[in-house]
Amino acid sequence: MAKTAALLLARLIFAGAFLMATGFKFMGMEATAGYIASAGFPAPLFLAWVAAFFELGLGLAFLTGAFFSEAAIVAGIYVIFLAFTFHGPALWQSNQAEFGFFVDHFVFLAGLLYAAVHGPGEKLALGWRLPWKGFGGASVSR
């Protein structure tokens, strides 16, 4: 029972983080685009919309357990991309808090990798996955 509760809570936390980020993007798409532009990317408004829908998909995957391990791996790559792009070493000299933000992304990555290996659990999980053999705990036993 405690394992199930911990897995469900972890999934809710992952989903909440990505769905909250999605909500902020939808509520302030121009601000998100400005932040993306400040990192030097072209077509920042387009990329802001892509990021919003991508994060929505990740949130739904964590919430439902569908494509859970795959979503955790993709989310980990995304989180590290965000760490280097928006909080990387070039920013540490002018704002030391950026180093903390950078390190926090790696802590998030650790949780995502653990989740990818162990899967969504057996309760309240759709268990859908891509048709390849992945990590040991990636599929829900039925």
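Whatever comes next refers back to the structure up there.
All of the points below concern the structure found in this document. As the structure is a computational prediction, the values presented were derived from the model and not from experiment. (Residues numbered from 1 in each chain as written. Predicted model: local features only at pLDDT ≥ 70, side-chain atom pairs only at ≥ 80, totals over all residues. Heavy atoms only, no water.)

1. Quick look at the side chain of Thr22
Link 1 in the chain: Looking at the element boundaries, Thr22 is found in helix α1 (residues 2-27).
Link 2 in the chain: A relative accessible area of 3% places Thr22 in the buried class.
Link 3 in the chain: For Thr22, the side chain forms a polar contact with the main-chain oxygen of Phe18, separated by 2.8 Å.
Link 4 in the chain: With sequence-adjacent residues up to four places away left out, Thr22 is seen in contact with Ala52, Glu55 and Leu56. (Helix = DSSP H or I, 4+ residues; strand = E, 2+ residues; numbered from the N terminus. Buried < 20%, exposed > 50% of the residue type's maximum accessible area, 1.4 Å probe, protein only. Polar contact = N/O pair within 3.5 Å; in protein donor to acceptor, adjacent residues only side chain to side chain. Contact = heavy atoms within 4.5 Å.)

2. A short note on the packing of aromatic side chains
Link 1 in the chain: Under the definition given, this model contains 16 aromatic pairs.
Link 2 in the chain: Ring geometry for Phe14 and Phe108: centres 5.9 Å apart, planes at 25 degrees, overall stacked. With a gap of 94 residues between them, Phe14 in helix α1 and Phe108 in helix α5 (residues 97-118) connect regions that are remote in the sequence.
Link 3 in the chain: For the pair Trp92 and Phe102, a centre-to-centre distance of 5.1 Å together with 70 degrees between the ring planes defines the contact as edge-to-face. Pair noted here: Trp92 is in the loop between α4 (68-87) and α5 and Phe102 is in helix α5, with a separation of 10 residues, a long-range link.
Link 4 in the chain: Using a relative accessible area of 24% as the deciding quantity, one classes Trp92 as partly exposed.
Link 5 in the chain: Judged by relative accessible area, Phe102 falls into the buried class, the value being 8%. (Phe/Tyr/Trp six-rings, centres within 6.5 Å; stacked < 30°, edge-to-face > 60°.)

3. Considering α4
Link 1 in the chain: Its 20 residues place the ends of α4 27 Å apart at the C-alpha level, agreeing with the 28 Å of an ideal helix rising 1.5 Å per residue.
Link 2 in the chain: The element α4 is largely enclosed, with a buried count of 14 among its 20 residues. (Expected span 1.5 Å × (residues − 1).)

4. Things to note about the nonpolar core
Link 1 in the chain: Judged by nonpolar contacts, the single largest core of 23 residues is most densely connected at Phe18, Leu58, Phe62, Ala75, Tyr78 and Leu112.
Link 2 in the chain: Mapped by element, the contributors of at least two residues to this core are α1, α2 (29-38), α3 (44-64), α4 and α5.
Link 3 in the chain: It is α4 that contributes the most residues to this core, 8 residues altogether.
Link 4 in the chain: Apart from the residues within four sequence positions on either side, Phe18 is in contact with Glu55, Leu58, Gly59, Phe62, Ala75, Tyr78, Val79 and Phe108. (Core = buried A, V, L, I, M, F, W, Y, C linked by side-chain atoms within 4.5 Å.)

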